Amino acid sequence: MTGMILPDNPLFAGISSSEAQTMLDCLGAVRRTYERHARILSTGDTTAALGLVLSGSALIQSDDLWGNTAVLDRVRPGQVFAETYACTGEALLVDVVAAEPCSVLFLEVARVLRVCPHACAHHERFIRNLLTLSAQKNLNLSRKIFHTASKSIRGRLLSYLSYQARRCGSRTFTIPFDRQQLADYLNVDRSALSAELSKMQKEGLLQTRRSHFTLLCGQEQLPGS
């Protein structure tokens, strides 16, 4: 089953292939594949396992009773989801949906957290890696709060696009969302978002084609670069 593990998978960082094989057997690992738009987990579900994305990606989103969707995050290869719900036993408040064909490895949290009878170093390393990934997810959610703090669509776009430019170290970059997903992530109407992007292009603030952006003005040096 180690063939499932990406060579640079952060959850298994510092763990050899043979150690990973032993752990996967111990943790009751189950691999599942999903087509685009398939529901991986749904609001109200309970789960005893966390999900590790092996390939493709999934969206963490919330739908209200009127059919409005808010995208909270996009989970990519090497990232985990549902670990908080698996640890607490609480019903999910969100949906996990395949953004594209994807493969997911499910690991039973009770077995992850159980003290290994052999006190193996690689099990301890695995738990540290999991905590690091969970902390990173908390940072991602904090960033979303910052990006959606502005009352205006332009303010939300400027916050999000500025972060992407700083993250990439370049004014030209590609974001992980299409237009609808970006609108859902920023909690704005897609038509209004497209209209605002068109205005910003006419004003010479940026150029964009689909998910590709180039920021054209602002501070000469990227903050944090």
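In what follows, the structure referred to is the one given above.
Keep in mind that this is a model prediction, so the values were computed, not measured.

Conventions used here
Residues numbered from 1 in each chain as written. Predicted model: local features only at pLDDT ≥ 70, side-chain atom pairs only at ≥ 80, totals over all residues. Heavy atoms only, no water. Helix = DSSP H or I, 4+ residues; strand = E, 2+ residues; numbered from the N terminus. Buried < 20%, exposed > 50% of the residue type's maximum accessible area, 1.4 Å probe, protein only. Contact = heavy atoms within 4.5 Å. Areas by Shrake-Rupley, 256 points an atom, 1.4 Å probe, with all protein chains shown as cover. Lys, Arg positive; Asp, Glu negative; His and termini not counted. Charge placed at Lys NZ, Arg CZ, Asp CG, Glu CD. Polar contact = N/O pair within 3.5 Å; in protein donor to acceptor, adjacent residues only side chain to side chain. Salt bridge = Lys/Arg side-chain N within 4 Å of Asp/Glu carboxyl O. Axes fitted to C-alpha atoms, helices over the stretch in contact; angles between N-to-C directions. Nonpolar A, V, L, I, M, F, W, Y, C, P; charged D, E, K, R; others polar. Expected span 1.5 Å × (residues − 1). Phe/Tyr/Trp six-rings, centres within 6.5 Å; stacked < 30°, edge-to-face > 60°. Lys NZ or Arg CZ within 6 Å of the ring centre and 35° of its normal. Pairing = 2+ DSSP bridges.

Draft legend 1. How the structure looks around the overall build of the chain. From N to C terminus, the chain includes 7 helices and 11 strands. With the C-alpha coordinates aligned to their principal axes, the bounding extent of the chain is approximately 65 × 40 × 30 Å. Each of the 225 residues in the chain was classed as buried or not, and the buried ones make up 43%. For the chain, restricting intrachain contacts to residue pairs at least 6 apart in sequence, the fraction spanning at least 24 positions comes to 71%. Total accessible area computed for the chain in this model is approximately 12000 Å², and 53% of it derives from carbon and sulfur atoms. Across the chain, the mean location of the 25 positive side-chain charges is 6 Å away from that of the 20 negative side-chain charges.

Draft legend 2. Molecular detail of the side chain of Ser211. Counting through the fold element by element, Ser211 comes out in the loop between strand S10 (206–209) and strand S11 (212–215). Judged by its relative accessible area of 18%, Ser211 falls in the buried class. Here Phe177 takes part through its backbone oxygen, which lies 2.7 Å from a polar atom of the side chain of Ser211. When near neighbours in sequence (up to four residues on either side) are disregarded, Ser211 contacts Phe173, Thr174, Ile175, Phe177 and Asp178.

Draft legend 3. Representation of the pattern of salt bridges within the structure. Under the defined criterion, the tally for this structure stands at 7 salt bridges. One salt bridge in this structure joins Arg39 and Asp95, with 3.3 Å as the shortest N-O distance. Taken as a pair, Arg39 in strand S2 (residues 39–41) and Asp95 in strand S7 (residues 95–98) lie far apart in primary sequence, 56 residues in all. Here Arg39 falls in the partly exposed class, since its relative accessible area comes to 42%. Relative accessible area serves as the criterion here: at 4%, Asp95 is assigned to the buried category. With its nearest N and O atoms 2.8 Å apart, the salt bridge here joins Arg154 to Glu203.

Draft legend 4. Broad picture of the packing of helix H4 (residues 121–147) against helix H5 (residues 153–168). Look at H4 against H5: their axes get within 8 Å of each other, and the N-to-C directions meet at 140°. Along the contact surface, H4 presents Arg143, Phe146 and His147, while H5 presents Arg156, Ser159, Tyr160 and Tyr163. Partitioned by chemical class, the residues of the contact of H4 with H5 number 3 nonpolar, 2 polar and 2 charged.

Draft legend 5. Local environment of H4. Under the 1.5 Å per step criterion, the end-to-end length of H4 is 39 Å for 27 residues, consistent within 8% with the ideal 39 Å. Along H4, the residues classified as buried are His122, His123, Phe126, Asn129, Leu130, Leu133, Ser134, Asn140, Lys144 and His147.

Draft legend 6. Structural detail: unusual backbone geometry. With phi around 75°, His37 is a residue other than glycine that occupies positive phi space. Within the secondary structure, His37 sits in the loop between strand S1 (30–34) and S2. Although it is not a glycine, Ala82 adopts a positive phi angle of roughly 70°. Mapping Ala82 onto the fold places it in the loop between strand S6 (80–81) and helix H2 (83–88). Look at Ala82 and you get buried, because its relative accessible area is 7%.

Draft legend 7. Just the packing of aromatic side chains, in detail. Counted by the stated rule, this structure contains 6 aromatic pairs. Centroid distance Phe12 to Phe126: 5.2 Å. Interplanar angle 65°. Geometry classified as edge-to-face. One end of the pair, Phe12, is in the segment before helix H1 (17–26); the other, Phe126, is in helix H4, with 114 residues separating them in the sequence. You can call Phe12 buried: its relative accessible area is 5%. A cation over a ring is seen here: Lys144 above Tyr185, with NZ or CZ 4.5 Å from the ring centre.

Draft legend 8. Local environment of the pairing of strand S3 (residues 49–55). Counting buried positions along S3 yields 6 of 7 residues, so the element is predominantly enclosed. Relative to strand S8 (residues 102–108), S3 runs antiparallel, the two sharing 6 bridges. Following the sheet pairing, Val53 is matched in S8 by Val104. Inspection of the sheet shows S3 paired to S6 by 2 bridges, in the antiparallel sense. Note on S6: the bridge partner recorded for Gly51 is Phe81.

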